[in-house]
Amino acid sequence: MAAEMLARSADWSLELIVTLELEAAGRHSDFVDLNDIASTAGARIFRTINSNSVDCLDAIAQSGADSIFVIGWSQICREEFMNLKPGKIIGYHPSPLPRLRGRAALPWTILLNEPITAGSLMWLGDDVDNGDLIDQQFFHVAPNETAETLYARHQAALAVMLERSLKLLAAGTAPRLQQDERYATYAAKRTPADGLIDWRAAAADIDRLVRAVGKPYPGAFTYDRGERLTVWRSTFLPDAGRYHAIEGQIVDQTDEHFTVMTGDGLLRVEDWESGANKRPRLHSILGSL
């Protein structure tokens, strides 16, 4: 989306798009092939697995670009990269900086039950997500927000900010607002293994995990008779003491869903898949291997 907006802008020309090697695309859940956008814009495309490599740095230097936009790219830009265009490298981070600097900001937004978040357009600084701010777009986080819906809302926030900022950036008059370090927090890296469900947790917390690591991410998961079972959608329910079962035990089942006992109540699983394509058995116990 950002590349398309740059290509359409009367104040900018898109000279080069750096993106992943196609062979490495499977490592990233939200990969989008930008070849068609580059072709339409008349921009050169350069594929790499390391934006700090000599070949990549040379490609950017030879493009003759006045500014560099780093958007949707999870690698840290090292000193050599930053020296390509000092003070003219622009980034986007999906959090209300200085809160939630670092990795996996979208899942952490849901896991932390944040009521409000923001997208942050910034000048890249000398450390992780600490650069001066150009613009921020705040919005509420819905109680049933998922990774997929939050991702789409950040795309919309970025579009609003680019609409406001591209002309200012081209003119050299865009703001440089220093972040307030008193409010800085840091989000740690997450891996697919962090999606393992602990059925001893509260039902609301498990549901929050399901929403936080769902599509386009690998998903929350458990094991049924040794087979991995990924949970894509769930709803936590009041128990009212009707079921006596251990955590992870399936207590009810229909063609559309099954219900599991958790640490404090019931979780209804409404969308799931398993490698063996088997339905879990009523009263079986889900857990880790």
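Residues numbered from 1 in each chain as written. Predicted model: local features only at pLDDT ≥ 70, side-chain atom pairs only at ≥ 80, totals over all residues. Heavy atoms only, no water.

## Let's talk about the overall build of the protein
Our working definition: Secondary structure is summarised from DSSP: a helix means a run of H or I of at least four residues, a strand means a run of E of at least two, and numbering begins at the N terminus for each. Summary of the burial criterion: residues with accessible area below 20% of their type's maximum are buried, those above 50% are exposed, and those between are partly exposed, where the area comes from a 1.4 Å probe applied to protein chains only. Exposure was quantified through the Shrake-Rupley algorithm and a 1.4 Å probe, taking into account, for residues, occlusion by the shown protein chains and nothing else.
Of regular secondary structure, the protein possesses seven helices and 13 strands. Each principal axis of the C-alpha atoms in the protein carries an extent, and together these give about 65 × 40 × 30 Å. Residues counted as buried form 44% of the 289 residues belonging to the protein. Counting every atom, the protein has about 15,300 Å² of accessible surface; 50% of that belongs to carbon and sulfur.

## Some remarks on the sheet that holds strand β6 (residues 116-123)
As a reminder, the rule being used: The criterion for strand pairing is that DSSP finds at least two bridges linking the strands in question. Fitted lines through C-alpha atoms serve as axes, helices being fitted only where they are in contact, and the angles separating the N-to-C directions of these axes extend from 0 to 180 degrees.
The strand order across the open sheet formed by four strands is β3-β4-β6-β7, and the pairing between neighbours is mixed. Each edge of the open sheet is held by one strand with a lone partner, namely β3 (68-70) and β7 (133-140). Put simply, the sheet's adjacent strands are angled 15° from each other on average, direction ignored. As paired elements, strand β4 (residues 89-93) and β6 share four bridges and run antiparallel to each other. Bridge pairing in β6 places H93 opposite S120.

## Structural notes on unusual backbone geometry
Residue L97 is joined to P98 through a cis peptide bond whose omega torsion reads 15°. With respect to the element layout, P98 can be found in the loop between β4 and β5 (101-102). Along the chain, K215 connects to P216 via a cis peptide bond; the corresponding omega equals 10°. For A104, which is not glycine, the phi torsion reads 55° and is therefore positive. If you trace the backbone, A104 turns up in the loop between β5 and α5 (105-111). Its relative accessible area of 25% is what places A104 among the partly exposed residues.

## Structural notes on the nonpolar core
The criterion, for reference: Residues enter a nonpolar core if they are buried and are Ala, Val, Leu, Ile, Met, Phe, Trp, Tyr or Cys, with the set joined through side-chain atoms within 4.5 Å.
With 45 residues, the main nonpolar core has F69, L162, L169 and F258 as its most contacted residues. Of all the elements, helix α6 (residues 147-171) adds the most residues to this core, at seven residues. If you look at the next biggest cluster of nonpolar residues, it comprises twelve residues, including L16, F46, C56 and V70.

## Things to note about the UniProt feature "domain: Formyl transferase N-terminal" (unreviewed entry) in the protein
To be explicit about the condition: UniProt positions are given in the numbering used here, feature names are shortened, and annotations may be inferred rather than shown by experiment.
Summarizing the sequence annotation, UniProt attributes the feature "domain: Formyl transferase N-terminal" (unreviewed entry) to residues 54-156 in the numbering used throughout. Secondary structure across residues 54-156 divides into 29% helix and 25% strand, with the first and last C-alpha atoms of the span separated by 34 Å.

## Thoughts on the pattern of salt bridges
Threshold: Note on definitions: salt bridges are taken to be side-chain nitrogens of Lys or Arg within 4 Å of carboxyl oxygens of Asp or Glu.
For the structure shown, the criterion picks out 13 salt bridges. Between R164 and D135 there is a salt bridge; the shortest N-O distance is 2.8 Å. One end of the pair, R164, is in helix α6; the other, D135, is in strand β7, with 29 residues separating them in the sequence. Between D205 and R208 there is a salt bridge, with its nearest N and O atoms 2.8 Å apart. Remark: R208 and D205 occur in helix α7 (residues 203-212); sequence separation between them is three residues, near one turn of the helix. Classification of R208 by relative accessible area gives buried; the value is 15%. One connected set of salt bridges, linked through shared partners, spans R233, R268, E270 and D271.

## Things to note about the pairing of β4
For a regular strand, side chains alternate in direction, first toward one face of the sheet and then toward the other. Counting buried positions along β4 gives five out of five residues, so the element sits mostly inside the fold. Sheet topology places β3 next to β4; three bridges connect them, and they run parallel. Bridge pairing in β4 links I68 to I89.

## Considerations on helix α3 (residues 54-62)
Test applied: Throughout, the arc means that of the directions going from the helix axis to the C-beta atoms. Any pair of residues with heavy atoms lying within 4.5 Å of one another is described as a contacting pair.
Along α3, the residues classified as buried are C56, L57, A59 and I60. Down the axis of α3, the sector holding all buried residues measures 160°, keeping them to one side. Opposite the packed face of α3, turned more than 90 degrees from it, sit the exposed residues V54, D55, A61 and Q62. Contacts made by the buried residues of α3 are with β1 (16-20), β2 (44-48), β3 and α4 (79-82). G64 sits one or two residues past α3 and shows a positive phi near 75°.

## Things to note about the sheet that holds strand β9 (residues 220-224)
Strands sit in the order β9-β10-β13-β12-β11 across an open sheet of five strands; the sheet is antiparallel. Of all strands in the sheet, those bounded by a partner on one side alone are β9 and β11 (250-253). The average undirected angle you get between the axes of adjacent strands in this sheet is 45°. Contacting β9, β10 (227-237) and β13 (266-274), α7 crosses the sheet at an angle of about 120° to β10.

## Description of the environment of L112
When you line up the elements, L112 lands in the loop between α5 and β6. Using a relative accessible area of 40% as the deciding quantity, one classes L112 as partly exposed. Separated by 100 residues in the primary sequence, L112 and A212 place their C-alpha atoms 9.7 Å from one another. Those residues in contact with L112 that lie beyond four places of it in its chain are R99 and L100.

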